[in-house]
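An overview of the molecular structure
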Amino acid sequence: DIYPGYQTVSTNPCGEIPLTPNDSCRLISINLKSIVKNPYTDSAYVDFDLLKKVSSTAQRIMDNVIDLEAEHIQRILDKIESDPEDNDTKKVEIDLWRKILDKTLGGRRTGVGITGLGDLLAEMGIVYGSEESIELVESIQKTIAISCYEESIFMAKERGAFKDYDESIEYSISEGNGLFLKRIRKSLSEDVLDSWSKFGRRNIACLTIAPTGTVSLMTQTTSGIEPAFSMWYRRRRKTSDKSKAVFTDSVGDMYEEYVVVHKGLVDWYYVNNNNLSYEDCKKYVYGLDDKGLTELYEKSPYYKSTAQDINWVNKVKIQGAMQKWIDHSISCTVNVPENTSVDTVSEIYLTGYETGCKGLTIYRDKSRDGVLITSPVKKELDPNRPRPESLSAKVYRF
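Anyway, here's the lowdown on the structure attached to this text. (Residues numbered from 1 in each chain as written. Predicted model: local features only at pLDDT ≥ 70, side-chain atom pairs only at ≥ 80, totals over all residues. Heavy atoms only, no water.)

**Observations regarding the pattern of salt bridges**
Close approach of charged atoms lets side chains of opposite charge pair. Stated formally: Just to be clear on terms, a salt bridge is a Lys or Arg side-chain nitrogen sitting within 4 Å of an Asp or Glu carboxyl oxygen. Runs of H or I in DSSP of at least four residues are treated as helices and runs of E of at least two as strands, each being numbered from the N terminus. Remark: exposure states derive from per-residue accessible area (1.4 Å probe, protein chains only) relative to the maximum for the residue type, with buried under 20%, exposed over 50%, and partly exposed in between.
Within this structure, the stated rule accounts for 25 salt bridges. Here Arg26 makes a salt bridge to Glu69, at a shortest N to O gap of 2.6 Å. Here Arg26 is found in the loop between β2 (18–19) and β3 (28–31), whereas its partner Glu69 is found in helix α1 (residues 48–82), with 43 residues between them in sequence. In this pair, the class of Arg26 matches that of Glu69, namely buried. Put simply, Asp63 and Arg202 hold a salt bridge, and the shortest N to O gap is 3.0 Å. One end of the pair, Asp63, is in helix α1; the other, Arg202, is in the loop between α7 (190–199) and α8 (213–219), with 139 residues separating them in the sequence. The class for Asp63 is buried, based on a relative accessible area of 0%. On the accessibility criterion, Arg202 (7% relative accessible area) is buried.

Structure follows, in structure tokens:
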């Protein structure tokens, strides 16, 4: 917010990137599960050299994406300008796309984030939310932040700074403002600081942590900053086949249901039973009933590290520790049980404020009909029940 024209007006839908009008949310995620060597063993360690390399590469990829984005925006503008309509008709659309292009190149905003943090801690044998975990995740995010900012400075020398870069703004930050840039400066070498002074930065802001919901489904890791939702759960998807439907929600939509076991649990079982093939380990784990899965979970490094049984207040402390090294924000949901007290909810929010979190969400179990559930819920509604002729509503015009 130290740059005129880049003051935050709102965020992207999940809240991890504060934005000014006409700016874009661009995301890439580093899979932290893949940077642990000798995972799920006593000799496990985080490969910080690999993390530095991957972070720098991610920042460079993001900057390349901006150029591709700008090319496509220019193609849209060229197409509009070549259309047969008169200029008055096209004016509004042309003005909009020019503003978007101006912000795209003006700030070159990127969003390098993470996924798989919960898995990384389990691979290291560390309980999510413990003091040890808070120290480690801050070191990890600090490494990512410094690597990305160094790469942004290197790219400024190669490619030029972002269009609206202003050295006088960067080096005359008033008291209480620009705290993140001041923190970064203290962590950079003299050579890098010298390059920053001479060439500027390529990107106005670089870092975030998104929810990575779909990404984590593809990578089969824990999502974003979150712990594992559960080691196993029943996932629902909509269906029109009544023979497969096991649940009907309040509006009549039908869902089928299937069991999902977190891949990390299978990976851990395989590392500790390597006389078996991975497929045999997977078949064994998926063949267990709820009692067997519970017993396996309690022996695993994921024990006391799922969304339902972590220390929720300490989870927010993890977020605060990582926020220190993120220029944007973090999308984070604290999942609490149905019987959570108002006092506990208050403590979670106050801890978020005290540790410097820019925002967080609390989800109380069963507060709405969801897709992920940890146990079967017997709830059947007749999809053929009479519907009212009208419903009360508020209409807003703007």
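On we go from here.
**As for the pairing of strand β11 (residues 361–364)**
The side chains of a regular strand alternate between the sheet's two faces. Keep this limit in mind: Following DSSP output, two strands are said to pair if at least two bridges run between them. Crossovers are marked right-handed if the path from the first strand over the helix to the second runs clockwise, as seen with the strands pointing away from the viewer.
Of the strand pairs in this sheet, strand β10 (residues 333–336) and β11 are connected by four bridges, and their pairing is parallel. Paired with Val334 across the two strands is Ile362, which belongs to β11. Handedness of the crossover joining β10 and β11 through helix α13 (residues 342–354): right-handed.

**Some words on the nonpolar core**
Stated formally: Among the buried residues, those of types Ala, Val, Leu, Ile, Met, Phe, Trp, Tyr and Cys that are joined through side-chain atoms within 4.5 Å form a nonpolar core.
Membership of the largest hydrophobic core comes to 52 residues, with the highest contact counts inside it found for Leu32, Leu120, Ile144, Leu207, Ile225 and Met322. Broken down by secondary-structure element, the contributors of at least two residues to this core are α1, β6 (112–115), α3 (117–123), α4 (131–159), α6 (179–185), α7 and α12 (312–323). Broken down by element, the residue count for this core peaks at 10 residues, all from α4. Grouped together as the second largest cluster of nonpolar side chains are 16 residues, Trp232, Val266, Trp268 and Cys281 included.

**Focus on the packing of aromatic side chains**
The relative placement of two aromatic rings is captured by the distance of their centres and the angle of their planes. Filter applied, for reference: For this analysis, a ring pair means two rings from Phe, Tyr or Trp (six-membered ring only for Trp) whose centres lie within 6.5 Å, classed as stacked if their planes differ by under 30 degrees, edge-to-face if by over 60, and tilted for the remaining angles. A ring is considered to have a charge above it if a Lys NZ or an Arg CZ atom is located within 6 Å of its centre and within 35 degrees of its normal.
Using the criterion set out here, one finds nine aromatic pairs in the structure. Ring centres of Tyr270 and Tyr278 lie 5.4 Å apart, and the angle between their planes is 75 degrees; on these two criteria the pair is classed as edge-to-face. For Tyr278, a relative accessible area of 24% gives the class partly exposed. Each ring, one from Tyr297 and one from Tyr303, has its centre 5.4 Å from the other, and the planes form 70 degrees; the classification is edge-to-face. Taken together, the ring pairs in this structure connect Tyr3, Phe162 and Tyr165 into an aromatic cluster. Over the face of the ring belonging to Tyr6 we find Lys103, whose NZ or CZ atom lies 4.7 Å from the ring centre. Directly above the aromatic system of Trp196 lies the positively charged group of Arg185, at a separation of 4.8 Å from the ring centroid.

So far we have only geometry, and geometry alone does not tell us how the molecule works.
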